[in-house]
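Okay, here's what each chain looks like letter by letter:
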Amino acid sequence: MYSATTTALTTLPPWLAILLVVTASLGAAVAVERVGVRLLRHLSSRTDSAFDDILVQELRLPVVVTTALAGVFLLTVDGGVLEALSVDTATRNMLFNRPALTLLLLVWAWALNTIVNRGVEAVKDGGPRFDFAPVFSNVWTLVVTAGTAALVLSVWRIDVTPLLAGAGIAGIAIGFAAKDTVANFFGGIALYFDDTYKIGDFIVLDTGEKGTVVKVGVRSTTLQTRDEVLITVPNAMLNPAKIINESAPGRRKRIRVPLGVAHGTGVDEFEETILAVAAAESTVIDTPAPRMRFRSFGDSALEYELLCWVRSPVRAAKATHLLNRGVYNALNEAGIEIPYNKLDVSINQAGEGVLAQPEPSTEPTPGDD
């Protein structure tokens with residue numbers, strides 16, 4: 001059918017054949033725009049997904065341009081109208097084929113790059129799993145740009161061998177100059193695939209820093225501490241580091257509150273009093289239920305530990321503070337003795353004071369962290 005069409009065109013006067021081809025190409029492009037694209041928009045609007053809307057919007061221009069330029073290739077084909085006008089192949093390629101192919105490559109590359117970038121924008125807010133998606137968007141843009149440039153140079157018959165050699169040398173130089181940046185980039189990708197942490201997680205580094213992950217970038221990860229200070233850590237340093245993710249696999253965190261009570265105290269009454277304090281504290285969740293553990297017999301106290309859970313790691317310090325206050329008040333009201341350090345002072349006949357060794361105590365010292 002294609003050859004029959006070109007043969008039929010060559011039987012017409014050249015100006016009429018060119019007019020028919022141009023008119024048919026433009027008419028087909030208008031039909032695609034007015035009928036085909038509108039129909040696809042109507043169908044995509046009936047779905048809940050945003051991706052089909054993105055495809056229809058971004059593929060509209062390259063499809064219309066491709067339809068409009070179809071006539072160019074029909075006119076310039078061997079045995080076509082332009083050959084009948086004694087236009088040689090080199091001239092046809094230089095004036096028609098190569099510019100048309102270049103335009104098509106640029107339009108389709110732009111559309112494909114935009115589709116991926118808009119898709120990333122649509123999914124990056126869909127959950128913590130997609131927090132690192134912008135990195136892949138940047139990589140895709142780089143690949144499309146390099147690929148399009150190579151294809152355009154190939155269309156225009158430009159030898160890229162010298163360019164590749166120069167690019168190789170430049171790549172080695174850039175690699176040495178930006179080795180830290182490259183290491184951080186691939187370190188970030190490794191952290192993403194390992195699912196080490198995500199935005200909103202509370203993590204503790206082996207260097208002692210801890211905070212909530214607020215940003216996972218190409219080069220670094222940013223933590224916000226409880227003092228509302230931002231800490232930026234290069235991704236390359238996080239890969240070999242020991243990272244404790246206190247928000248995984250669940251958001252809740254168990255806290256341990258050490259307690260001490262004097263020897264001779266009724267342990268049943270003591271445990272009931274402490275558990276009542278934990279049950280009344282709003283920062284402590286009911287499931288799993290708080291529990292008491294008798295750890296050891298101390299020199300001057302029975303050493304206990306209160307185990308309970310809070311909803312997130314950032315609430316642990318406040319919950320410990322409130323529990324310490326509640327336990328102190330409850331034990332005072334119940335008349336249960338809280339051990340503390342004692343000093344025995346002996347006075348000799350010469351009036352010189354001698355301090356005895358202090359008795360050890362296991363009374364906990366309240367603290368934030």
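In case you missed it, the structure is sitting above this.
Cut-offs used in this document
- Residues numbered from 1 in each chain as written.
- Predicted model: local features only at pLDDT ≥ 70, side-chain atom pairs only at ≥ 80, totals over all residues.
- Heavy atoms only, no water.
- Helix = DSSP H or I, 4+ residues; strand = E, 2+ residues; numbered from the N terminus.
- Buried < 20%, exposed > 50% of the residue type's maximum accessible area, 1.4 Å probe, protein only.
- Contact = heavy atoms within 4.5 Å.
- Core = buried A, V, L, I, M, F, W, Y, C linked by side-chain atoms within 4.5 Å.
- Salt bridge = Lys/Arg side-chain N within 4 Å of Asp/Glu carboxyl O.
- Pairing = 2+ DSSP bridges.
- Axes fitted to C-alpha atoms, helices over the stretch in contact; angles between N-to-C directions.
- Phe/Tyr/Trp six-rings, centres within 6.5 Å; stacked < 30°, edge-to-face > 60°.
- Lys NZ or Arg CZ within 6 Å of the ring centre and 35° of its normal.

A.B. asks: Just to check I follow, could you spell out the environment of Thr148 for this structure?
C.D. replies: For Thr148, the location among the structural elements is in helix α6 (residues 133-155). Note on Thr148: relative accessible area 14%, which makes it buried. For the pair Thr148 and Leu106, spaced 42 residues apart in sequence, the C-alpha to C-alpha distance is 7.1 Å. When sequence neighbours within four positions are dropped, the list of residues in contact with Thr148 reads Leu105, Leu106 and Ala109.

A.B. asks: Please explain the nonpolar core as it appears in this structure.
C.D. replies: Nonpolar side chains in soluble globular proteins generally cluster together in the buried interior. Core analysis: the largest hydrophobic core is formed by 23 residues, its most contacted members being Leu259, Phe270, Ile274, Leu306 and Leu323. At the level of elements, β6 (253-261), α10 (267-280), β8 (302-310) and α11 (316-334) are the ones that each hand at least two residues to this core. If one sorts the elements of this core by residue count, α11 sits on top with six residues. In this structure, Leu306 is in contact with Ile255, Arg256, Val257, Leu259, Ile274, Leu275, Ala278, Pro290, Arg291, Met292 and Leu323, ignoring residues within four places of it in sequence. Core analysis: the next-biggest nonpolar cluster, separate from the first, contains ten residues, Val213, Val216, Val233 and Leu238 among them.

A.B. asks: In this structure, what is going on with the pattern of salt bridges? I would like to understand it.
C.D. replies: Pairs can form between side chains of opposite charge once their charged atoms are near each other. Under the counting rule described, the total for this entry stands at seven salt bridges. Here Lys253 makes a salt bridge to Glu246, at a shortest N to O gap of 3.6 Å.

A.B. asks: Would you mind showing me how to read the sheet that holds strand β2 (residues 210-216) here?
C.D. replies: Note on sheets: strands pair through backbone hydrogen bonds, and any given pair is parallel or antiparallel. What the five strands build is an open sheet, ordered β4-β3-β2-β1-β5; its pairing is antiparallel. Since the sheet does not close on itself, it has two edges, and those belong to β4 (230-234) and β5 (243-245), each with one partner. Direction aside, the axes of adjacent strands within the sheet are offset by 40° on average. Relative to β5, strand β1 (residues 202-205) is paired through three bridges, and the arrangement is antiparallel. Paired with Ile203 across the strands is Asn245, a residue of β5.

A.B. asks: In this structure, what is going on with the pairing of β8? I would like to understand it.
C.D. replies: Each regular strand carries side chains that alternate between the two faces of the sheet. Where burial is concerned, most of β8 is hidden: eight out of the nine residues are buried. Pairing geometry for strand β7 (residues 291-297) and β8, over six bridges, is antiparallel. What sits directly across from Arg293, in β8, is Glu305. In this antiparallel pair of consecutive strands, β7 and β8, the connection spans four residues.

A.B. asks: Can you walk me through the packing of aromatic side chains in this structure?
C.D. replies: By the definition in use, this model includes three aromatic pairs. Seen in terms of ring centroids, Phe294 and Phe297 are 5.1 Å apart; in terms of plane orientation they differ by 55°. Their pairing is tilted. Classification of Phe294 as partly exposed rests on a relative accessible area of 36%. The structure contains a cluster of three or more aromatic residues connected by ring pairs, namely Phe270, Phe294, Phe297 and Tyr304. Its guanidinium or amino end placed over the ring of Trp309, Arg252 lies 4.8 Å from that ring's centre, counting from NZ or CZ.

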